[in-house]
Amino acid sequence: MYTVTGIPLTRTFRVLWALEELGQPYKLSQHGPRSPEVQALNVSGKVPVLQAEGEVITDSTAILTYLADKHGALTAPAGTIARAKQDAMTHLLLDEVDAVLWAAARHSFILPEELRVPEVKGSLKWEFAHNLSRLESKITGPFLMGEEFTIADIICTHCLNWARSAKFPVESEKLQDYGKRMRERPAFQRVAELAK
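Residues numbered from 1 in each chain as written. Predicted model: local features only at pLDDT ≥ 70, side-chain atom pairs only at ≥ 80, totals over all residues. Heavy atoms only, no water.

Novice: Explain the overall build of the protein chain to me, using residue names and the numbers behind them.
Specialist: Scanning the protein chain from N- to C-terminus turns up eight helices and four strands. Along the protein chain, helices (α) and strands (β) appear in the sequence β-α-β-α-β-β-α-α-α-α-α-α when read from the amino end. By the compact-globule yardstick of 16 Å for 196 residues, the protein chain fits well, its C-alpha radius of gyration being 17 Å. With respect to the principal axes defined by its C-alpha atoms, the protein chain has extents near 45 × 45 × 30 Å. Split into buried and exposed, the 196 residues of the protein chain put 45% on the buried side. If you take every contact in the protein chain between residues at least 6 apart in sequence, the share linking residues at least 24 apart comes to 62%. Of the roughly 10100 Å² of accessible surface on the protein chain, a fraction of 54% belongs to carbon and sulfur atoms. (Helix = DSSP H or I, 4+ residues; strand = E, 2+ residues; numbered from the N terminus. Rg over C-alpha atoms; globule rule 2.2 N^0.38 Å. Buried < 20%, exposed > 50% of the residue type's maximum accessible area, 1.4 Å probe, protein only. Contact = heavy atoms within 4.5 Å. Areas by Shrake-Rupley, 256 points an atom, 1.4 Å probe, with all protein chains shown as cover.)

Set out below in C-alpha cells:
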C-alpha cells in the first residue's frame, strides 16, 4: 500500500488520480505544504510526497512517472518514440502551463507580501493564453497523446482546473471540452470527492 502525504487541493490531486486510475490501494495522510509532517519527509515542505517500498519520492511528475512505469499503465513504454513524445508533452505542460500558474500563485499568496508583484499577473495571463493556443494545436485525438490516456492528461487537466480557480481564462472550446471529458472520468470523480 502506498502512503500519499498532501492535500487534494494541491498537486497531490495528480498522484491520487493516478492511483485511482491504476486501481492501487493507498492511504492519504492529509497535511499541507510546509507542515512539520511534510517537512519531515521533504525538506522543501512541498507536497505531494509518496512513500513506497520504504522510500520517499517527491515531485508530482516524478511520482506519476514512477507509478506509471511500475504498473505498466498511463504511459508509453520507456525507450520508445511514443514515450519520448509523451515526455516532450509532459515537459511542455510543466514549462509552459504549470510554471505560469505557479508564478501567479507565488505572487498571490506564496511569497512574503513585500516581495509579491501583483502586476505580473497580466503578462502571465497573456503567456498562459498564448501557450494554450499552441497546446490546442497538438491535440489530435481524445487524449493529448492520441488514443491513450496518460500521465500527461492528468497534469494537463489539473492545470486547466487550477487555471479556473486562479481566474486564468481558458478560451479554447477544444480545451474546455477536453477538460470536461477528463473530469468525467470515474477516477477523477473519486478524488474530487476527497477534495470537498
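Novice: Account for the state of the cysteines, with residues named and values stated.
Specialist: Every disulfide links exactly two cysteines, by a covalent bond between their sulfur atoms. Summed over all chains, the structure comprises zero disulfides. Not engaged in a disulfide, the cysteine Cys-159 finds its nearest cysteine sulfur in Cys-156; these two sulfurs lie 6.9 Å apart. (Disulfide = S-S within 2.5 Å.)

Novice: Which residues make up the environment of Phe-188, and what values go with them?
Specialist: Position of Phe-188 relative to the elements: it lies in helix α8 (residues 186-195). The exposure class assigned to Phe-188 is buried, which follows from its relative accessible area of 6%. Separated by 137 residues in sequence, Phe-188 and Gln-51 have C-alpha atoms that sit 21 Å apart. Once you skip the residues sitting within four places of it in the chain, Phe-188 turns out to touch Phe-13, Trp-17, Thr-157, Asn-161, Met-182 and Arg-183.

Novice: Please provide a residue-by-residue account of the layout of surface pockets, values included.
Specialist: Size it by volume and the largest pocket reaches roughly 1100 Å³. If you trace the largest pocket, you find 40 residues lining it, with Leu-9, Thr-10, Arg-11, His-158 and Trp-162 closest to the centre. Contributing elements (two or more residues each) for the lining of the largest pocket: α1 (12-22), α3 (60-71), α4 (81-110), α5 (120-138), α6 (151-165) and α8. Sort the elements by how many residues they give to the lining of the largest pocket and α4 lands first, with eight residues. Among the residues making up the lining of the largest pocket, the classes are represented as 19 nonpolar, eleven polar and ten charged. (1 Å grid on protein atoms, 1.4 Å probe; cavity = no way out; pocket = protein on both sides within 12 Å on 5 of 7 lines; lining within 4 Å. Points joined across faces, edges and corners; volume = space filled by probe spheres on them. Nonpolar A, V, L, I, M, F, W, Y, C, P; charged D, E, K, R; others polar.)

Novice: Go over the packing of α1 against α8, please, and point to the residues and values.
Specialist: Helix packing for two helices is described by the angle between their axes and how far apart those axes are. Here α1 crosses α8 at 135°, and the two axes come no closer than 8 Å. Our classification of the angle between α1 and α8 gives oblique. Between α1 and α8 lies a crossing whose hand is right-handed. Taken together, the residues of α8 that come into contact with α1 (itself represented by Phe-13, Leu-16, Trp-17, Glu-20 and Glu-21) are Ala-187, Phe-188, Arg-190, Val-191, Ala-192 and Leu-194. Here the contact of α1 with α8 is composed, by residue class, of eight nonpolar, no polar and three charged. (Axes fitted to C-alpha atoms, helices over the stretch in contact; angles between N-to-C directions. Parallel < 35°, antiparallel > 145°, perpendicular 65-115°, else oblique. Left-handed = near helix turned anticlockwise from the far one by under 90°.)

Novice: How would you explain the environment of Pro-142 if you had to name every residue and give the values?
Specialist: Within the fold, Pro-142 resides in the loop between α5 and α6. A sequence separation of 38 residues divides Pro-142 from Ala-104, and the C-alpha atoms of the two residues are 29 Å apart. Ignoring anything within four residues of it in the chain, the contact list for Pro-142 reads Glu-147, Tyr-178, Arg-181 and Met-182.

Novice: Describe in detail the environment of Gly-72, supporting the description with residues and values.
Specialist: Summarising the element assignment, Gly-72 is placed in the loop between α3 and α4. Residue classification places Gly-72 among the exposed positions, given a relative accessible area of 65%. Each C-alpha atom, one on Gly-72 and one on Phe-128, is 32 Å from the other, the two residues being 56 residues apart in sequence.

Novice: Would you mind going over the pairing of strand β2 (residues 26-29) in detail, with residue names and values included?
Specialist: Here strand β1 (residues 2-5) pairs with β2 via four bridges, running parallel. Residue Val-4 lies in a different strand from β2, and its bridge partner there is Leu-28. With respect to chirality, the unit in which β1 leads through α1 into the neighbouring parallel β2 is right-handed. (Pairing = 2+ DSSP bridges. Right-handed = clockwise from strand over helix to strand, strands pointing away.)

Treat this as a map of the structure, not an account of what it does.
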